[in-house]
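# Summary of structural features
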Amino acid sequence: ARAQAMEVDASPDVTYEDIGGIDDQIRDVREAVEDPLENPETFETVGVEPPSGVLLHGPPGTGKTMLAKAVANESDATFIKMAGSELVRKFIGEGSRLVRDLFELAADREPAVIFIDEIDAVAAKRTDSKTSGDAEVQRTMMQLLSEMDGFDDRGEIRIMAATNRFDMLDEAILRPGRFDRLIEVPKPDAEARERILEIHTEGMNVADDLDLSGLVTDLEEFSGADLASLATEAGMFAIRDGRTEVTRSDFEDAVEKLDSAEETADRNIH
Ligand code: ATP
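It should be emphasised that the depicted structure is a prediction, and the values quoted were computed from it without experimental measurement. Within each chain, residue numbers correspond to sequence positions counted from 1 in written order. Owing to the predicted nature of the model, reporting of local features is limited to residues with pLDDT of at least 70; listing and counting of side-chain atom pairs is limited to 80 or more, with chain, interface and lining totals taken over all residues. Only hydrogens and water are set aside; all other atoms, that is, all heavy atoms of the structure, feed into the side-chain values.

Let us look at the overall build of the protein. Elements are defined by DSSP. Helices are runs of H or I of four residues or more, strands are runs of E of two residues or more, and each kind is numbered from the N terminus. Helices and strands together make up the secondary structure of the protein, namely 10 helices and six strands. Taken along its principal axes, the extent of the C-alpha atoms in the protein is 60 × 50 × 30 Å. Throughout, exposure labels follow a simple rule: accessible area from a 1.4 Å probe, protein chains only, divided by the maximum for the residue type, with under 20% read as buried, over 50% as exposed, and the rest as partly exposed. For the protein, with 270 residues in total, the buried portion stands at 45%. Taking the intrachain contacts of the protein between residues at least 6 apart in sequence as the baseline, contacts between residues at least 24 apart amount to 79%. Shrake-Rupley sampling with a 1.4 Å probe provides the accessible areas, and residues are treated as covered by the protein chains on show and by no other component. Of the accessible surface of the protein, which amounts to about 13,900 Å², a share of 46% is contributed by carbon and sulfur atoms. In this tally, Lys and Arg are treated as positive and Asp and Glu as negative; His is ignored, and so are the chain termini. By convention, the point assigned to a charge is CZ for Arg, NZ for Lys, CD for Glu and CG for Asp. When the 29 positive and 62 negative side-chain charges of the protein are each reduced to one mean point, those points stand 8 Å apart. Only heavy atoms matter for contacts: two residues are in contact if any of them lie within 4.5 Å across the pair.

Written as structure tokens, this is what we have:
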């Protein structure tokens, strides 16, 4: 079960070119993660410590996981992912054990990028309730902080985390020496949406008159993940219709389908 909680990818295949609309964030991540992995001696010579941990925050489906994978790939590092929810365990000491395993694995596989998704699951602000479950989560977080504090060889292992709930985080994890580099990954604006859809339609046989920029103007609520689904759904409409070319009306049908799926989901939540 322990091994399953982590996803290890010796050479992830995501590149920076696959990520649309967040060039500034790519630049920041390269500086905080790739440069120290590739040129640790520069940091030593200049006498600065690279950031200890990089926290990506922003809405779901905006490319945070992609960004972490891409920087691991482009730095020739092993990508080790753990979901914060996996660290929330029933038995005492189990979460802390997993955190230790995570850092041990990274030491074995260095250079490595550790990526903790949904870090809010273990690093939410303390609530007043003193249930034992909370105390156990707290211990797991302390273990994570102590692993980060105890790090010497920062060049070879870089730590990243992501959250959709930045407002919920315990400030203790944001102190210097911990997640001290914050990078916001926002929902895409119109230009970013166009770039993302361009990326996801690159390998598709789309009609020449397809106007991506016109198409994405009104899709204000669409995340990168939504735009990826949009391209797939549009392709499915063409296939269902027995065509090999994907047209503007396929994309419009796909928008309608995704919108109504969203509404159904909203109704089920509220
Ligand atoms: P979550 O917070 O839900 O974990 P995330 O921000 O980590 O989301 P990703 O897992 O990186 O989002 O993105 C999911 C999928 O959406 C990607 O595999 C990709 O297909 C698409 N996608 C999201 N953002 C982008 C982007 N900026 N450029 C291109 N594709 C994107």
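We now examine the site of the ligand. The full set close to the ligand counts 17 residues, and G20, G61, K64, T65 and H200 are the nearest of them. Think of a polar contact as two N or O atoms within 3.5 Å of one another; within protein, one of them needs to be a possible hydrogen donor and the other a possible acceptor, and neighboring residues in sequence only count if both atoms come from side chains. Contact between the ligand and H200: a nitrogen atom at 2.9 Å from a side-chain N or O atom of the residue. Calculation on the ligand without its partners gives an accessible area of 640 Å², and the protein chains cover 77% of this total. At the level of secondary structure, the elements contributing two or more residues to the shell around the ligand comprise helix 3 (64-74), helix 7 (190-201) and helix 9 (224-240). Considering only residue class, the shell around the ligand consists of six nonpolar, eight polar and three charged. The near set for a molecule or strand comprises every residue that places at least one heavy atom within 4 Å of it. In this classification, the charged set is Asp, Glu, Lys and Arg, the nonpolar set is Ala, Val, Leu, Ile, Met, Phe, Trp, Tyr, Cys and Pro, and all remaining amino acids, among them Gly, are polar.

Quick look at the UniProt feature "binding site: ATP" (unreviewed entry) in the protein now. UniProt positions are given in the numbering used here, feature names are shortened, and annotations may be inferred rather than shown by experiment. According to UniProt, the "binding site: ATP" (unreviewed entry) feature falls on G61, T62, G63, K64, T65, M66 and H200. Relative to the helices and strands, G63 resides in the loop between strand 2 (53-57) and helix 3. Among the secondary structure elements, H200 is positioned in helix 7. Filtering out sequence-adjacent residues up to four positions away, H200 remains in contact with A228 and A231.

Time to look at the sheet that holds strand 2. DSSP calls a pair of strands paired once it identifies at least 2 bridges connecting them. Overall, mixed pairing links the six strands, which are arranged 1-3-4-5-2-6 in an open sheet. Every interior strand has two partners, whereas the edge strands, strand 1 (6-9) and strand 6 (181-184), have only one. Within the sheet, the average angular offset between the axes of one strand and its neighbour, ignoring direction, is 20 degrees. Bridging between strand 2 and strand 5 (residues 157-163) involves five bridges; their strand directions are parallel. Counted as the bridge partner of V54 is M160 from strand 5. Here an angle of 0 to 180 degrees is reported between the N-to-C directions of two axes, which are lines fitted to C-alpha atoms, with helices fitted over the stretch in contact.

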